[in-house]
Amino acid sequence: MTSIKALIAVGLALWLAGCAASGPAPSRYTLPADAGGDPPRIAGADATHRLVVGPPRLARFLDVDGLVLQLDDITLNEANHHQWAEPLGMQLERGLRTRLAVRLPDTRVMQADADSRRGAAPTLRLEVDRFHGRFDGQAVAGGQWQLRDGGGELLAMAPFAVEVALAEDGYPALVRALGRGWDRVADEIAAEIKRLR
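Residues numbered from 1 in each chain as written. Predicted model: local features only at pLDDT ≥ 70, side-chain atom pairs only at ≥ 80, totals over all residues. Heavy atoms only, no water.

(A) Expanded view of the overall build of the protein. Scanning the protein from terminus to terminus reveals 3 helices and 9 strands. Tracing the protein from N to C terminus, the helices and strands come up as α-β-β-β-β-β-α-β-β-β-β-α. Looking at the protein as a whole, 38% of its 197 residues are labelled buried. Taking all contacts inside the protein whose residues are at least 6 apart in sequence as the whole, residues at least 24 apart take part in 68%. (Helix = DSSP H or I, 4+ residues; strand = E, 2+ residues; numbered from the N terminus. Buried < 20%, exposed > 50% of the residue type's maximum accessible area, 1.4 Å probe, protein only. Contact = heavy atoms within 4.5 Å.)

(B) Here's a closer look at the packing of helix 2 (residues 88–103) against helix 3 (residues 171–196). Put simply, helix 2 and helix 3 touch, their axes get as near as 9 Å, and they point 50° apart. The orientation of helix 2 with respect to helix 3, classified from their angle, is oblique. By crossing handedness, the relation of helix 2 to helix 3 is classed as right-handed. Residues Leu92, Gly95, Leu96, Arg99, Leu100 and Arg103 of helix 2 form the contact with helix 3, whose participating residues are Gly179, Trp182, Asp183, Ala186, Asp187, Ile189, Ala190 and Lys194. In terms of residue class, the contact of helix 2 with helix 3 is built from 7 nonpolar, 2 polar and 5 charged. (Axes fitted to C-alpha atoms, helices over the stretch in contact; angles between N-to-C directions. Parallel < 35°, antiparallel > 145°, perpendicular 65-115°, else oblique. Left-handed = near helix turned anticlockwise from the far one by under 90°. Nonpolar A, V, L, I, M, F, W, Y, C, P; charged D, E, K, R; others polar.)

(C) Broad picture of the pairing of strand 5 (residues 76–84). Sheet topology note: the strand 1 (residues 27–29)/strand 5 ladder contains 3 bridges and is parallel. Residue pairing for strand 5: Tyr29 is matched across the bridge by Trp84. Note that strand 4 (residues 66–70) and strand 5 share 4 bridges and pair antiparallel. Residue Gly66 lies in a different strand from strand 5, and its bridge partner there is Gln83. What sits between strand 4 and strand 5 in their antiparallel hairpin is a turn of 5 residues. (Pairing = 2+ DSSP bridges.)

(D) How the structure looks around helix 2. End to end, helix 2 covers 22 Å across 16 residues, agreeing with the expected 22 Å (1.5 Å per residue, within 8%). Counted residue by residue, helix 2 has 12 buried out of 16 residues, so it is predominantly covered. Taken together, the buried positions of helix 2 are occupied by Leu88, Gly89, Gln91, Leu92, Glu93, Gly95, Leu96, Arg97, Arg99, Leu100, Ala101 and Arg103. (Expected span 1.5 Å × (residues − 1).)

(E) Broad picture of the pattern of salt bridges. Following the criterion strictly, the structure yields 11 salt bridges and no others. A salt bridge links Asp183 to Arg99, with the nearest nitrogen and oxygen atoms 2.6 Å apart. Of the two residues, Asp183 sits in helix 3 while Arg99 sits in helix 2, which places them 84 residues apart along the sequence. Here the two residues Asp183 and Arg99 agree in accessibility, since each one is buried. In the salt-bridge network here, residues are joined through shared partners; they are Asp34, Arg103 and Asp187. (Salt bridge = Lys/Arg side-chain N within 4 Å of Asp/Glu carboxyl O.)

This is the structure in structure tokens:
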């Protein structure tokens, strides 16, 4: 009888430990659409220009599930319960294509794949080494972009560094501020592409 009670007690303890360890499900976030509000007008096959947007290369500390916060001048922390709904690189690439399609309405903006015939269109590549919240209430986005022609020759290259103040505290405000920062990165790149034409 004592062994049955001991077995039940152990089973109950394990069950309670499992309940305590599971905790609440994480909140998941996607980058918001372009704050400009205009729906993208997708240029068709007869577009004057074409542009291929490659997948961005993320700094290793950004290529994680959780949103990243910079706690002081040297400390970064990945959130456990506030995570991206899908990989950040995919969201940045898709968001940039959509934003550039709005800003360059005469350009067919395409994904880098076999169907895009990369040899015939300029290719935009990004390295993102900052895309996180900072202890002073700023969302920061930074890195470098480069534009190469169909033959791989460098047409333009520039760093980008954007800071957007959070409207309020919290992770939803951080994600919205990061989205506005990505809008500004798209503004800078689109302006330079127009200047090169």
